[in-house]
Amino acid sequence: MKTYMFGDPDPVANINRIYPYFRFDGYTDQGEYRDWKMVVLENDHIKVYVSPEVGGKIWGAIEKSTGKEFMYFNEVVKFRDVAMRGAWTSGGLEYNFGDIGHIPTCATPVDYALKEYPDGSVSCVVGALDLPSRTKWNVEIKLHPDRAYFETTATWANTSEVPVTYYHWMNAAAKADGNLEFIYPGNKRIGHGGELGDWPLDSGRDISKYENNDFGIYKSYHIIDNYADYFGGYWHEDDFGFGHYANYEEKPGKKIWIWGLSDQGMIWEDLLTDSNGQYIEYQSGKLFNQAANSSTFTPFKHSEFMPYDVDIAKELWFPLKGIKGMVAASEYGVLNVMRKGTSVEIRLSALQPLDTYMEVRTGAKAHFKRDLQLSTLDLYSETLTIEEDQEIQVVLGNNLLTYNSDEALALLDRPYKSETAFDWESAYGLYVKGLELEKQRRYAEAHETYLKSYEKEATHVPTLSRLGLSYYRSEDWPMALEFSKKALAVDTYDGLANYLYGLANISLGNHADAKSGFSIATQSVALRTASYTELAKLLLKEGQHAKALEYTQKALTYNANTISALELRAILFRKMDNEEGGRRVLAKIYENDATNLFHAFENYFLGALTKKEVQAKITNELPYESYLEAALQYMSYGAHKDALQILKMSPQHPIVALFIAHLASEDQQNLLEEVLAMDADLVFPHRTETGKVLRSFLKKDSHWKLKYYLALQQWSKGNIEVAKKLLMECGNEPDYVPFYLAKIKLYTDSASTRLEALERAVDLEKENWRVQLAWIERYMEADQWKDAKKLTKKALSIYPEKAVLGMRYAKILLELKEYKAALHFLENFNVLPFEGATEGRTVYHETCVRLAMQALMANDYDEAILYAKKAKLWPKNLGVGKHYDVDERLDNYLLALAYKKKGEPEEAEKYFERIMSHQTPDYLNESSKLYYQLIVLEKYKRKDEIQQLLQKISKELGDNKYLEWAVARYKDGDHEAVKNAILSSNEKVHAYDTKFVDEEFKLVSEVLETLTNVGNNKR
């Protein structure tokens, strides 16, 4: 397939929500043909393509009799910078687990296995670790021999001892054209921030029709308010569609994603495919929405995955063929009911062979009954006459599929708006804030918020337990124990406090106390499985095999799929020479996850698999991480010899070699020297176990690599001062550039340390583009703009494809007031865009505004008009498309002034009128440009319109500093204080957040200051 490949992995540690994963910074607009491994599942009706080398995603799915796709098949592999690690490609079905956004493994190889069943069904199982959460996911894609759907069973296991972020969505793609109608039951929708809207009618517009979404920006519609187990879409021009079915409790989340029909979205059509056209996504999720941080303050909060919990969700994906729509679905078929007057047409498309009957009822009366014998994808149609005001019920067989035309029966009455009386600054309110941050992996912020709650109420047990857990995450086990005791001093039976008491005491070597904590925590349903699992691990290490086996069974009683308990049982059976018992457990593990590596290693230890057969099963991007995780699991069970055998199978890697040295009974020093001789490139230690081993070796050897590795591991745990100290101890000895670039990132509070690190990096590799970027940013920070310009120009001559260098160069030219040079550069520089990117167009707009102002001040009104009109353009080479409701008040104000000064009052009037008639739509935030509208309305004495505008924004004033500034400036209030507060705030927006930052506030205020000063000078 033609492939636009990605590359240039970033060797510099990026301590964020997905560490230890690294980003890919290299993309291309030049395609090359290359082979990709595809697993093809096919029966007489549908064909499904699975790509183990691209995240394990389903590449596409086709209904064979028509040749039509019910899941978008991209003819090219076109990677673009969209996901958390950058690389992502569109189409098919991707799986997301862990944290909001596209999963870190979405573009790279994963493990996979093939299965065949006695009934002729076949499946491909794909799976991988999620390293930040230490969870394991797998998806089995199963195709039955005579069914027109494929089945996905997603299994996600938290194999760690702590709660982690809970996020799981399946994102499928379908083509956008063909008169597409979305079939999503419900009458409300919410956004990423919990914003509430109507569905399918929005202000009279039917937004369930794709083509009616020709307004606004990107669309994320999470459809709610209906107890429904199906959704899909239908292309009326093609008489074909796509459908999804899952039990409501397994997948209550139903989302539509649309790039947007303006250039903002359509620019992505060519970026993500060569010829397959624009697409949409139909998504299913475990929660109602993909919650951004702002969703915290609504009922739609974040969730967490409890320790050792396992989550399983089964879903069906199928074509809609000739059925015109869908009102109900199940594994047996798809139903559509179309009513026109007294005519009722019923259509049923069989998804498997049916030998049953259909009954149509009106109330208690059976109106129609017909025996049915249908082959897969046969279409049955019947037209009945029923009074318009009568509700109907359609039943297939013994409730194989049911439908009731009374839609109100499925509508829900859940609360969708927040309780306004909730006190966010109370001890409980701060606790909830902290918990929400913790559920987003924002652990440092969560810790600070819990401390505020603790200050408000020192005996608030939930806060005490979470503070203890926070200290546990950062490896401060004495403090974790102290806070667990504080909580237990209030309630000795609190579940989380007891569980934490157990964890902290394990880390401190107090096993009796640990057992006590876990034992009492078993009384908590939420922590029962985890507590029995931890008790079993302790007992296994103590050699109490029979007792440990008993506790694994208790753990499995409350969650029969708990992978850690199953693994413990397998080891226990092996140690107790119960081979048959072990094989039964391993069969259960394999049933849940054919990519489970514990299953492979146990079979190796039992002699059922060879070393090469085990190694062949590990096909993912980072195989050494798989060997490490498996070995550490065995170590946690006390099976150190098994762990060492596993590590010796792994590809060479410094951390693998480190643990081999740690577990070795002899020749440890030579093994350590092998570790230190290995390249540090892309080595990102992150596990607590790794930190412990590094500390033990640092007592014997002070080599800089050990300190560097430990610094990264500690940094990832939030122990910033420890990390700084370790890096500082290394001095200038390291000859590894990413060491110094990481140091620059870490020492945000010391310009001298950053400069010293930069100078050393330059000495080592001054042509490295990342070193040059750091150097450029140093010049910019020090206001050495001419030096920055010279270096950036040189860097671009070597790396012309690096958008980050291009954007820096444009900004440097802006600072130097070389506006024409900046404009010329921007008009000729090509940016490969990334999702959510706006920087290129923002810089372009500012450049044009600055040029227009420069011309205006020089009384060159024609040139001012030229540049103000250019400011309205959206050059596609800068990677940003124009959306529907662009705010042009600033541009229009400059045009109006220029035409007025030029002596063309009628033309000026047009632009003043555009400013006055501007309406910021509800889906966008009002900005600082409001000021220009207010003063123009004032100029034309439109008092009523001013009052209406001020009234409209009054509710937003408290939450929008930019509005506060605009109104204060208009009313001649204390606008300087507001301005200074805005400019010094350095606000950040987190992933998918709806928080508003007015990127052009500085430009808006500076243009105003210039115009005001000129006016004052003339007076």
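Predicted model, so just to flag it, every value in this text is computed and none were measured.

Asks: Can you explain unusual backbone geometry? Please cite residues and give values.
Replies: Most peptide bonds adopt trans geometry, and most residues besides glycine take a negative phi value. Between Tyr19 and Pro20 the backbone carries a cis peptide bond, its omega angle lying at 20°. For the bond from Trp199 to Pro200, the omega torsion is -5°, close enough to zero to count as cis. Although it is not a glycine, Asp239 sits at a positive phi angle of roughly 50°. Take Asp239: it is sitting in the loop between β25 (230–235) and β26 (240–245). Under the relative-accessibility criterion, Asp239 is labelled partly exposed at 28%.

Asks: Break down the nonpolar core for me, citing the residues and quoting the values.
Replies: Of all hydrophobic cores here, the largest spans 212 residues; its most connected members are Tyr95, Trp137, Ile141, Phe150, Ile280, Tyr282 and Phe601. In terms of nonpolar packing, the next biggest core, distinct from the first, is built from 78 residues, Val831, Leu878, Leu897 and Leu963 among them.

Asks: Residue-level account of the pattern of salt bridges, with values.
Replies: A full pass over the atoms with the stated rule returns 70 salt bridges. Between Glu863 and Lys820 there is a salt bridge, with the nearest N and O atoms lying 3.6 Å from each other. Taken as a pair, Glu863 in helix α28 (residues 861–870) and Lys820 in helix α26 (residues 819–828) lie far apart in primary sequence, 43 residues in all. Classification of Glu863 as partly exposed rests on a relative accessible area of 24%. The exposure class assigned to Lys820 is partly exposed, which follows from its relative accessible area of 46%. Several salt bridges share partner residues, and in doing so they unite Asp8, Asp10, Arg23, Asp25, Asp81, Arg770 and Lys802 into one network.

Asks: Hey, could you go over the UniProt feature "repeat: TPR" (unreviewed entry) in the protein chain for me, with residue numbers and the actual values?
Replies: Taking the numbering used here, the UniProt-annotated feature "repeat: TPR" (unreviewed entry) corresponds to residues 461–494 and 529–562. Counting secondary structure, residues 461–494 comes out at 79% helix and 0% strand; the distance between its end C-alpha atoms is 8 Å. The span residues 529–562 is 79% helix and 0% strand, and its two end C-alpha atoms sit 8 Å from each other.

Asks: I'd like a description of a negative patch on the surface, backed by residues and values.
Replies: A surface patch of like charges, here negative, comprises Glu387, Glu388, Asp389, Glu391 and Glu407. Here Asp389 shows up in the loop between β36 (379–385) and β37 (393–396). Among the residues examined, Asp389 registers a relative accessible area of 68% and is labelled exposed.

Asks: Can you tell me about helix α11 (residues 579–592), naming the residues and giving the values?
Replies: With 14 residues, α11 should reach 20 Å at 1.5 Å per residue; the first-to-last C-alpha distance of 20 Å fits that figure. Within α11, burial applies to Gly581, Gly582, Val585, Leu586, Ile589 and Asn592. Down the axis of α11, the smallest arc covering the buried residues is 130°, so these residues share one side. Close packing links the buried residues of α11 with β15 (135–143), β16 (150–158), α10 (563–575) and α12 (597–605).

Asks: How would you sum up the UniProt feature "domain: DUF5107" (unreviewed entry) in the protein chain? Please name residues and give values.
Replies: Mapped onto the present numbering, the UniProt feature "domain: DUF5107" (unreviewed entry) falls at residues 14–319. Across residues 14–319, the secondary structure splits into 3% helix and 46% strand, with the terminal C-alpha atoms separated by 42 Å.

Asks: Pulling in residues and values, what's your account of the sheet that holds strand β13 (residues 111–116)?
Replies: With respect to topology, 8 strands assemble into an open sheet ordered β13-β14-β15-β16-β30-β26-β25-β19, the strand pairing being antiparallel. Sheet topology places β13 and β19 (180–183) at the edges, where each strand pairs with a single neighbour. In this sheet, neighbouring strand axes are inclined to one another by 15° on average, regardless of whether the strands run parallel or antiparallel.

Asks: For helix α9 (residues 545–558), give the residues involved together with the corresponding values.
Replies: Here α9 contains 14 residues, and its C-alpha end-to-end distance of 21 Å stays within 8% of the 20 Å for a straight helix at 1.5 Å per residue. Considered for burial, the residues of α9 that qualify are Ala548, Leu549, Tyr551, Thr552, Ala555 and Leu556. Down the axis of α9, the sector holding all buried residues measures 165°, keeping them to one side. In this structure, α9 carries Ala546 and Thr557 as exposed residues pointing more than 90 degrees from its buried face. Where α9 is buried, its residues meet α8 (528–541) and α10.

Asks: Go over the packing of helix α23 (residues 769–781) against helix α25 (residues 803–815), please, and point to the residues and values.
Replies: Interhelical geometry of α23 versus α25 gives an angle of 20° and a closest axis separation of 11 Å. Comparing the axis directions of α23 and α25 gives the class roughly parallel. Remark: the crossing between α23 and α25 carries left-handed chirality. Along its contact with α23, which presents Trp769, Leu773, Ile776, Glu777 and Met780, the element α25 presents Val804, Leu805, Arg808 and Ile812. Within the contact of α23 with α25, the residues separate by chemical class into 7 nonpolar, no polar and 2 charged.

Basis of the calculations
- Residues numbered from 1 in each chain as written.
- Predicted model: local features only at pLDDT ≥ 70, side-chain atom pairs only at ≥ 80, totals over all residues.
- Heavy atoms only, no water.
- Helix = DSSP H or I, 4+ residues; strand = E, 2+ residues; numbered from the N terminus.
- Buried < 20%, exposed > 50% of the residue type's maximum accessible area, 1.4 Å probe, protein only.
- Core = buried A, V, L, I, M, F, W, Y, C linked by side-chain atoms within 4.5 Å.
- Salt bridge = Lys/Arg side-chain N within 4 Å of Asp/Glu carboxyl O.
- UniProt positions renumbered as here; feature names shortened; annotations may be inferred.
- Patch = residues over 30% accessible without salt bridge, like charges linked within 9 Å, V, L, I, M, F, W, Y side chains within 5 Å.
- Areas by Shrake-Rupley, 256 points an atom, 1.4 Å probe, with all protein chains shown as cover.
- Lys, Arg positive; Asp, Glu negative; His and termini not counted.
- Charge placed at Lys NZ, Arg CZ, Asp CG, Glu CD.
- Expected span 1.5 Å × (residues − 1).
- Arc of directions from axis to C-beta.
- Contact = heavy atoms within 4.5 Å.
- Pairing = 2+ DSSP bridges.
- Axes fitted to C-alpha atoms, helices over the stretch in contact; angles between N-to-C directions.
- Parallel < 35°, antiparallel > 145°, perpendicular 65-115°, else oblique.
- Left-handed = near helix turned anticlockwise from the far one by under 90°.
- Nonpolar A, V, L, I, M, F, W, Y, C, P; charged D, E, K, R; others polar.

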